[in-house]
There are 2 protein chains.
Amino acid sequence: MVNKLARLSQALQENGYRLTAARQEILAALVGSEGHVSADELVGLVRQDAPGVGRMTVYRTLELLSELGLIRPVYQGTGAAHYILLDDGHHHHLVCSGCDRVIEFDECAVQEISRVISGHFNFEIHGHLLEFYGRCEACRGV
Amino acid sequence: MVNKLARLSQALQENGYRLTAARQEILAALVGSEGHVSADELVGLVRQDAPGVGRMTVYRTLELLSELGLIRPVYQGTGAAHYILLDDGHHHHLVCSGCDRVIEFDECAVQEISRVISGHFNFEIHGHLLEFYGRCEACRGV
DNA sequence: CTCTGTGCAAAGGATTTGCACTACG
DNA sequence: CGTAGTGCAAATCCTTTGCACAGAG
């Protein structure tokens, strides 16, 4: 987790962005939340430690991280966007259509596909998201 | 494409929903658009053929289709949600962080993973989305 | 010292209620 | 016929600008 924070900070600096106090707070809150928050929830988390941080700084930092490919906004259920951490380069979800629950899993066999696609489209791949949709055990009404 | 329309219509009816005139228009517009539209764009498309259809009927139908796992909202760039058709059960994207362009591809080797995950979590899988993020040829400044 | 980043308030969209009306089955 | 579905307008919520100030390099 400390590693994740360091990696995010470093990525910002390497791309010519300043590592300000506000950004450090935001990154810490993001990592601490395991990377599953809406922008608004994140504002709340950040303000627990740093009450002075503005809502828009959070929005702008999220946009910045998205552009760098470090996080990704997804829809989870309805309403506001949720952000997931991609700093390991990949992320995997199991999304239940019934209860909108999100389960994460680690099995990843996308490497080969990744290589093929990359060559095929001359596309430089930084990360990926794999989501399965269906019904979880509970919602199937076992 | 006619098949897709029929499959969507059938899915609605099988789940106890009525196949109204408005819904038929919406489904047709969705299939005709190749399944890459925002809610607002879809309202426009539907109204070309059926001017009387209300914005909210479109929203509600989209929500309904999402619950049934037939479509999925995703972020493409910023602003409004875009909906993609999952009626084949799967969908694959290549998203460029630079220009927000979305390229679709067909290579799919997720079947095995799907089976493993399904058994592992006792989760009934209906479809999936696989997205790769990175930089396209143009944005790498070849 | 300069330029990037920040915070506030207010604007701008997108999405969602509430409720009377229509039409599918 | 009864109930699910529809349409309108207004409300609500999320996100984005514009601009003066503060802080990093």
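> Hey, could you go over the environment of Val43 of chain A for me, with residue numbers and the actual values?
Residue and element names in this part refer to chain A. Of note, Val43 is situated in helix 3 (residues 39-49). Overall, the relative accessible area of 4% leaves Val43 in the buried class. Taking the C-alpha atoms as reference points, Val43 and Gly119, separated by 76 residues in sequence, lie 40 Å from one another. In this structure, Val43 is in contact with Arg55 and Val58, ignoring residues within four places of it in sequence.

> Which residues make up the protein's contact with DNA strand C, and what are the values?
As a matter of local geometry, DNA strand C sits amid 19 residues, with Thr20, Met56, Thr57 and Thr78 of chain A together with Tyr59 of chain B nearest to it. When atoms of DNA strand C within 4 Å of the protein are sorted by moiety, sugar and phosphate together comprise 58%. Contact distances for DNA strand C include 3.0 Å between a base oxygen and a side-chain N or O atom of Arg18 of chain B. Looking at the surface near DNA strand C, the elements that each hand over two or more residues are helix 2 (21-32) and helix 4 (55-67) of chain A together with helix 4 (55-67) of chain B. Here the surface near DNA strand C is composed, by residue class, of nine nonpolar, five polar and five charged.

> Explain the sheet that holds strand 3 (residues 82-85) of chain B residue by residue, including any values.
Residue and element names in this part refer to chain B. Strand order in the open sheet formed by three strands is 1-3-2, and the pairing between neighbours is antiparallel. Every interior strand has two partners, whereas the edge strands, strand 1 (36-38) and strand 2 (71-74), have only one. When the angles between neighbouring strand axes are averaged without regard to direction, this sheet yields 30°. Note that strand 2 and strand 3 share four bridges and pair antiparallel. Bridge pairing in strand 3 places Ile71 opposite Leu85. Packed onto the sheet, helix 3 (residues 39-49) meets strand 1 and strand 3 and runs at close to 100° relative to strand 1. Those strands touched by helix 4 are strand 2 and strand 3, and its axis lies near 110° from that of strand 2.

> Report on the environment of Gln24 of chain A, specifying residues and quantitative values.
Summarising the element assignment, Gln24 of chain A is placed in helix 2. Considered as a pair, Gln24 of chain A and Leu8 of chain A are 16 residues apart in the sequence and their alpha carbons are 9.4 Å apart.

> Can you tell me about the sheet that holds strand 5 (residues 102-104) of chain A, naming the residues and giving the values?
The sheet built from six strands is open, its strands ordered 5(A)-4(A)-6(A)-6(B)-4(B)-5(B) with mixed pairing. This sheet does not close on itself; its edge strands, each paired only once, are strand 5 of chain A together with strand 5 (102-104) of chain B. Across the sheet, the axes of successive neighbouring strands diverge by a mean angle of 25°, strand direction being ignored. Taken together, the seven bridges between strand 4 (residues 90-96) of chain B and strand 6 (residues 124-135) of chain B define a ladder with parallel strand orientation. Counterpart to His91 of chain B in the pairing with strand 6 of chain B is Leu129 of chain B. In the packing of helix 5 (residues 111-121) of chain A onto the sheet, the strands contacted are strand 6 (124-135) of chain A together with strand 4, strand 5 and strand 6 of chain B, and the crossing angle to strand 6 of chain B comes to about 50°.

> Describe the protein's contact with DNA strand D, and please don't skip the residues or the numbers.
Around DNA strand D sit 19 residues in total, of which Met56 of chain A together with Thr20, Met56, Thr57 and Thr78 of chain B are the nearest. Of everything in DNA strand D that lies within 4 Å of the protein, sugar and phosphate atoms constitute 55%. Contact between DNA strand D and Tyr59 of chain A: a phosphate oxygen at 2.8 Å from a side-chain N or O atom of the residue. Measuring from a sugar or linking oxygen of DNA strand D, one finds a side-chain N or O atom of Arg18 of chain B at 3.2 Å. Contributing elements (two or more residues each) for the surface near DNA strand D: helix 4 of chain A together with helix 2 (21-32) and helix 4 of chain B. Here the residues of the surface near DNA strand D sort into nine nonpolar, five polar and five charged.

> Before we move on, can you summarise the interface of chain A and chain B with the specific residues and values?
Counting from both sides, the interface comprises 40 residues of chain A and, opposite them, 41 residues of chain B. Taken together, both faces of the contact between chain A and chain B bury some 4,000 Å²; the carbon and sulfur share is 64%. Counting the surface chain A buries against chain B, the share from its top three residues, Tyr75, Phe123 and Tyr133 of chain A, is 21%. Put simply, chain A and chain B have two salt bridges between them. Here Arg72 of chain A makes a salt bridge to Glu131 of chain B, at a shortest N to O gap of 2.9 Å. There are 15 residue pairs in polar contact (both at pLDDT 80 or more) connecting chain A and chain B. For the side of chain A that touches chain B, the secondary structure elements donating two or more residues are strand 2 (71-75), strand 4 (90-96), strand 5, helix 5 and strand 6 of chain A. When residues of the side of chain A that touches chain B are assigned to their parent elements, the largest contribution, twelve residues, is made by strand 6 of chain A. Residues of the side of chain A that touches chain B, tallied by class, amount to 23 nonpolar, eight polar and nine charged.

Basis of the calculations
- Residues numbered from 1 in each chain as written.
- Chains lettered and ligands numbered in written order.
- Predicted model: local features only at pLDDT ≥ 70, side-chain atom pairs only at ≥ 80, totals over all residues.
- Heavy atoms only, no water.
- Helix = DSSP H or I, 4+ residues; strand = E, 2+ residues; numbered from the N terminus.
- Buried < 20%, exposed > 50% of the residue type's maximum accessible area, 1.4 Å probe, protein only.
- Contact = heavy atoms within 4.5 Å.
- Near = heavy atom within 4 Å.
- Polar contact = N/O pair within 3.5 Å; in protein donor to acceptor, adjacent residues only side chain to side chain.
- Nonpolar A, V, L, I, M, F, W, Y, C, P; charged D, E, K, R; others polar.
- Pairing = 2+ DSSP bridges.
- Axes fitted to C-alpha atoms, helices over the stretch in contact; angles between N-to-C directions.
- Buried area = accessible area lost by both parts, 1.4 Å probe.
- Salt bridge = Lys/Arg side-chain N within 4 Å of Asp/Glu carboxyl O.

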